Amino acid sequence: MKKKALQFLAGCLLFFGTSCYYDTAIEEEIDIPPPDQGISFEESILPILNSYTCTQCHNGDRAPDLRPENAYDALVPDFVVAGDADESVFFQRLPGKDHPSVGFSMTNSEIDLIEEGINRGAEE
Ligand code: HEC
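In this numbering scheme, every chain counts its residues from 1 along its sequence in written order. Reporting in this predicted model follows two pLDDT cut-offs: at least 70 for local features of residues, and 80 or more for side-chain atom pairs to be given and counted; totals over whole chains, interfaces and linings ignore these cut-offs and use all residues. Hydrogen atoms and water are omitted, and side-chain values are computed over all heavy atoms in the structure.

1. Here's the deal with the site of the ligand
Selection criterion: Throughout this document, a residue counts as near a molecule or strand when at least one of its heavy atoms sits within 4 Å of that molecule or strand. In protein, a polar contact requires one atom able to donate a hydrogen and another able to accept it; more generally it is a pair of N or O atoms within 3.5 Å, and residues adjacent in sequence count only if both atoms are side-chain atoms. Buriedness for pockets is judged along seven lines, at least five of which must meet protein on both sides within 12 Å for an open set on the 1 Å grid over protein atoms alone, while cavities are sets there where a 1.4 Å probe fits but cannot get out, and lining residues have an atom within 4 Å of a point. A pocket or cavity is taken to hold a molecule when more than half of that molecule's atoms are within 2 Å of the pocket's grid points. In the scheme used here, Gly and all other residues not listed as nonpolar or charged are polar, with Ala, Val, Leu, Ile, Met, Phe, Trp, Tyr, Cys and Pro taken as nonpolar and Asp, Glu, Lys and Arg as charged.
Around the ligand, a shell composed of 21 residues is seen, among which Cys54, Cys57, His58, Arg93 and His99 lie nearest. In this structure, a nitrogen atom belonging to the ligand sits 2.7 Å away from a side-chain N or O atom of His58. Here an oxygen atom of the ligand sits 3.0 Å away from a polar atom, N or O, in the side chain of Arg93. Spatially, the ligand is embedded in the largest pocket. For the shell around the ligand, the class distribution of residues is 16 nonpolar, three polar and two charged.

Right under this line is the structure:
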């Protein structure tokens, strides 16, 4: 009986252990284009923003206006210093960085792509 209990416990540990493992593995990796290629805001970064509910709050009343048709002009140059992510409020204050808690965080690879896009000149 005791042995069964131990086996059960070991099974549980294994189950939860692997489910944790899969949770972290699920975070989708985004390939950063090779350095000689630009990163287009409309093609690469806007779809990431659109996959979240940013416009629930940033819809014209609260800056930056992140509605798809306005986002680029609202961000550059007021919130994005082209070529310098570290000086860009947009990059510094993404959910997952220094942003009030909104129930989600952008993933590291999304944040990395945005950083790289700004550092490569914040193309539209
Ligand atoms: C539930 C509401 C809410 C959602 C959703 C939300 N934000 Fe915000 N955001 C805020 C608030 C409130 C502030 C202002 C916080 C402050 O000034 O301290 C803010 C501030 C910011 C700032 C800094 C603006 C500044 O003037 O310094 C950026 C950049 C930003 N949000 C980006 C985003 C992005 C990108 C998303 C979606 C991925 C998002 N936010 C989703 C509420 C939200």
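2. Looking at the coordination of the iron atom of the ligand
Definition in use: Coordinating N, O and S atoms are those within 2.8 Å of the metal (3.2 Å for Na, K and Ca), and as water is not part of the atoms, a site may appear to have fewer donors than expected. Partly exposed describes any residue whose relative accessible area lies between the buried limit of under 20% and the exposed limit of over 50%, with all areas from a 1.4 Å probe on protein chains only and scaled to the type maximum.
All of the protein donors around the iron atom of the ligand are His58 (NE2) and His99 (NE2); their distances to the metal are 1.9 Å. The buried category is assigned to His58, whose relative accessible area is 12%.

3. Section: unusual backbone geometry
To keep it simple, the criterion reads: The numbering of helices and of strands both runs from the N terminus, where a helix is a DSSP run of H or I of at least 4 residues and a strand a run of E of at least 2.
Of note, the bond from Ala63 into Pro64 is cis; its omega dihedral lies within 30 degrees of zero at -10°. Looking at the element boundaries, Pro64 is found in the loop between α2 (41–50) and α3 (71–75). Residue Val76 is joined to Pro77 through a cis peptide bond whose omega torsion reads 5°. Considering the arrangement of structural elements, one finds Pro77 in the loop between α3 and α4 (89–92). Residues other than glycine seldom take positive phi values, yet Ala122 does so here, at roughly 50°. Within the secondary structure, Ala122 sits in the segment after α5 (108–119).

4. Things to note about empty space enclosed by the protein
Rule in force here: Grid points are joined across faces, edges and corners, and a volume is the space filled by probe spheres set on the points.
Using the criterion set out here, one finds one cavity of 30 Å³ or more in the structure. Considered as a void within the structure, the largest cavity measures approximately 90 Å³ in volume. Lining of the largest cavity is provided by 13 residues; of these, Phe41, Ile45, Val80, Ile118 and Ala122 occupy positions nearest its centre. Contributions of two or more residues to the lining of the largest cavity are made by α2, α3 and α5. With three residues, α5 is the largest single contributor of residues to the lining of the largest cavity. Tallied by class, the residues present in the lining of the largest cavity amount to 11 nonpolar, one polar and one charged.

5. Here's the deal with a negative patch on the surface
Note the cut-off: Exposure above 30% relative accessible area and the lack of any salt bridge qualify a residue for a patch; like charges then connect within 9 Å, and the nonpolar side chains Val, Leu, Ile, Met, Phe, Trp and Tyr within 5 Å. Each accessible area value is a Shrake-Rupley result obtained with a 1.4 Å probe; residue values ignore everything except the protein chains displayed when judging cover. The salt bridge criterion pairs a side-chain nitrogen of Lys or Arg with a carboxyl oxygen of Asp or Glu, the two atoms within 4 Å. A positive count includes Lys and Arg, and a negative count includes Asp and Glu. His and the chain ends are not counted in either. Every charge is mapped onto a representative atom, which is NZ of Lys, CZ of Arg, CG of Asp or CD of Glu.
On the surface, Glu28, Glu29, Asp31 and Asp112 cluster together into a negatively charged patch. The topology assignment puts Glu28 in the loop between α1 (2–26) and α2. Here Glu28 falls in the exposed class, since its relative accessible area comes to 63%.

6. With respect to the packing of α2 against α5
As a reminder of what qualifies: As a rule, the C-alpha atoms of each element are fitted with a line to give its axis, helices using only the stretch in contact, and angles between N-to-C directions run from 0 to 180 degrees. Each crossing gets its handedness from the near helix: less than a right angle anticlockwise from the far helix is left-handed, clockwise is right-handed. We call two residues contacting when some pair of their heavy atoms lies within 4.5 Å.
Following both chains from N to C, one finds α2 and α5 inclined at 140°, their axes separated by 11 Å at the closest point. Of the two possible hands of crossing, α2 and α5 adopt the one that is left-handed. Across the interface between the two elements, Ser44, Ile45 and Ile48 of α2 pack against Glu110, Leu113, Ile114 and Gly117 of α5. Here the residues of the contact of α2 with α5 sort into four nonpolar, two polar and one charged.

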